[in-house]
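What follows is each chain in one-letter form.
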Amino acid sequence: MKPLMLQGHERAITQIKYNREGDLLFSAAKDSKPNVWWSLNGERLGTFNGHGGVVWCLDVDWQTINLITGGGDSSCRLWDLETGKNIATIKTNSSVRTCNFSFSAYQAAYTTDKAMGHPCEVFVIDTRTVDDSISSQSPILKWEITDSKVTSMLWGTLDETLITGHEAGDLIQWDLRTGKKVHSIKEHTHQINDMQLSRDGTMFITASKDQTAKLFDTSSLELLKEYKTERPVNSAALSPILDHVVLGGGQDAMEVTTTSTRQGKFDARFFHLVFEEEFGRVKGHFGPINSLAFHPDGKSYASGGEDGYVRVQSFDQSYFDYTFDYNRE
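Quantities reported herein were computed from a predicted structural model and do not represent experimental measurements.

## A word on the sheet that holds strand E26 (residues 289-294)
Then comes step 1: Taken together, the four strands give an open sheet; going across it, the order is E1-E28-E27-E26, and neighbouring strands pair in antiparallel fashion. The two strands at the open ends of the sheet, each matched to only one other strand, are strand E1 (4-7) and E26. For this sheet, the mean angle separating the axes of adjacent strands, direction not counted, is 20°.
Then comes step 2: One ladder, built from five bridges, connects strand E27 (residues 300-305) with strand E28 (residues 309-314); its direction is antiparallel. Its bridge partner lying in E28, Ala302 is registered against Val312.

Set out below in structure tokens:
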């Protein structure tokens with residue numbers, strides 16, 4: 001299948017996400033304007049104008065009513081998806097690196113960078129009524145991160161915990177009733193670039209600069225599987241219907257000019273969830289892949305690259321027919 005090429009950003013893509021139904025695809029980039037697209041035909045529906053710099057992260061709530069974005073202009077913004085209006089702006093002391101709605105969308109969490117004398121902090125806010133008053137309200141919870149800064153984040157089971165991935169490779173689970181650290185592990189040796197939940201929320205996958213992606217249990221943080229490559233992994237996603245994992249990466253943006261696309265460094269790579277074996281690659285981007293997302297129906301996936309393109313790739317029938325040969329005895 002020929003992929004859809006979504007060209008609406010002038011600079012590198014930082015994060016892409018589908019809404020729950022999968023009819024909309026959201027993309028954030030270093031050009032200050034997040035976009036929303038029809039995932040079926042790649043038509044651009046609209047642009048969210050308001051940020052004054054790079055947009056590092058975005059998330060869409062369960063009912064596709066609101067969008068949250070965080071950027072390098074020291075602000076976290078909430079948007080009305082029907083009109084595209086910026087309905088609330090929360091000013092922060094430094095760049096907002098991660099932001100996520102809870103599963104119920106009654107709350108949202110975001111983290112700020114350690115910069116300009118300010119510590120890295122985690123904030124949890126109430127998003128049941130989204131309007132201007134949010135910017136003046138105090139967060140429900142707020143705590144400082146004294147270790148390495150938070151680079152990725154997920155909501156845990158039943159919205160009771162937050163799981164943060166850090167620059168030094170740590171994974172920390174926080175109890176939201178107390179704001180205290182429950183559990184901490186260090187399975188990665190370098191920065192965790194991305195974390196994504198499985199469809200049922202029982203597992204999540206991490207992508208790290210240490211050239212591996214790892215599968216963890218959401219409640220216990222037990223390491224289940226490891227997928228090894230020979231280059232930094234920027235993003236990893238779990239298929240909602242098959243035991244498949246897709247990884248994307250490449251090297252740092254500084255080294256991109258010295259790499260030919262023929263070397264296969266910018267391919268999306270497919271691994272079997274259980275056997276940890278690579279079984280396929282998809283070429284296409286002219287630079288490292290920065291973000292990956294499976295469509296909620298599992299029949300296609302999207303990738304956003306350093307080249308500023310978002311590619312939506314539908315799977316051929318051979319992808320679904322493919323089975324792993326293993327001895328069932």
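## Remarks on the side chain of Ser235
Then comes step 1: Looking at where Ser235 falls in the secondary structure, it is placed in strand E22 (residues 233-238).
Then comes step 2: Looking at Ser235, its side chain comes within polar contact range of the side chain of Asp194, at 2.7 Å.
Then comes step 3: In this view, Ser235 contacts Asp194, Gln196, Ala207, Val246, Leu247, Gly248, Asn290, Ser291 and Leu292; residues no more than four positions away in its chain are not counted.

## Considerations on the side chain of Arg269
Then comes step 1: On the secondary structure map, Arg269 appears in strand E24 (residues 268-272).
Then comes step 2: Taking relative accessible area as the criterion, Arg269 reaches 5% and is therefore assigned buried.

## Some points on the nonpolar core
Then comes step 1: Within the largest apolar cluster, 16 residues are counted, with the highest numbers of intra-cluster contacts made by Ile68, Leu78, Tyr110, Ile125 and Ile134.
Then comes step 2: Counting residues per element, the ones that place at least two in this core are strand E8 (75-80), strand E9 (86-91), strand E10 (96-101), strand E11 (107-112) and strand E12 (120-126).
Then comes step 3: Every residue in contact with Tyr110, bar those within four places of it in the chain, is listed here: Cys76, Ile90, Thr92, Val96, Thr98, Cys99, Glu121, Val122, Phe123, Ile125 and Met153.
Then comes step 4: Judged by nonpolar contacts, the second largest core, of 14 residues, contains Cys120, Val124, Leu141 and Trp174.

## A few points about the environment of Thr92
Then comes step 1: Positionally, Thr92 belongs in the loop between E9 and E10.
Then comes step 2: Distance from Thr92 to Asp126, taken between C-alpha atoms, is 16 Å for residues 34 residues apart in sequence.
Then comes step 3: Within the structure, the side chain of Thr92 is placed 2.7 Å from the backbone oxygen of Ser94, a separation counted as a polar contact.

## Details of unusual backbone geometry
Then comes step 1: For Thr64, which is not glycine, the phi dihedral falls at a positive 55°.
Then comes step 2: Among the residues examined, Thr64 registers a relative accessible area of 18% and is labelled buried.
Then comes step 3: Within the chain, Ser74 stands out as a residue other than glycine whose phi angle is a positive 55°.
Then comes step 4: Within the secondary structure, Ser74 sits in the loop between strand E7 (66-71) and E8.

So, how was this worked out
- Residues numbered from 1 in each chain as written.
- Predicted model: local features only at pLDDT ≥ 70, side-chain atom pairs only at ≥ 80, totals over all residues.
- Heavy atoms only, no water.
- Pairing = 2+ DSSP bridges.
- Helix = DSSP H or I, 4+ residues; strand = E, 2+ residues; numbered from the N terminus.
- Axes fitted to C-alpha atoms, helices over the stretch in contact; angles between N-to-C directions.
- Polar contact = N/O pair within 3.5 Å; in protein donor to acceptor, adjacent residues only side chain to side chain.
- Contact = heavy atoms within 4.5 Å.
- Buried < 20%, exposed > 50% of the residue type's maximum accessible area, 1.4 Å probe, protein only.
- Core = buried A, V, L, I, M, F, W, Y, C linked by side-chain atoms within 4.5 Å.

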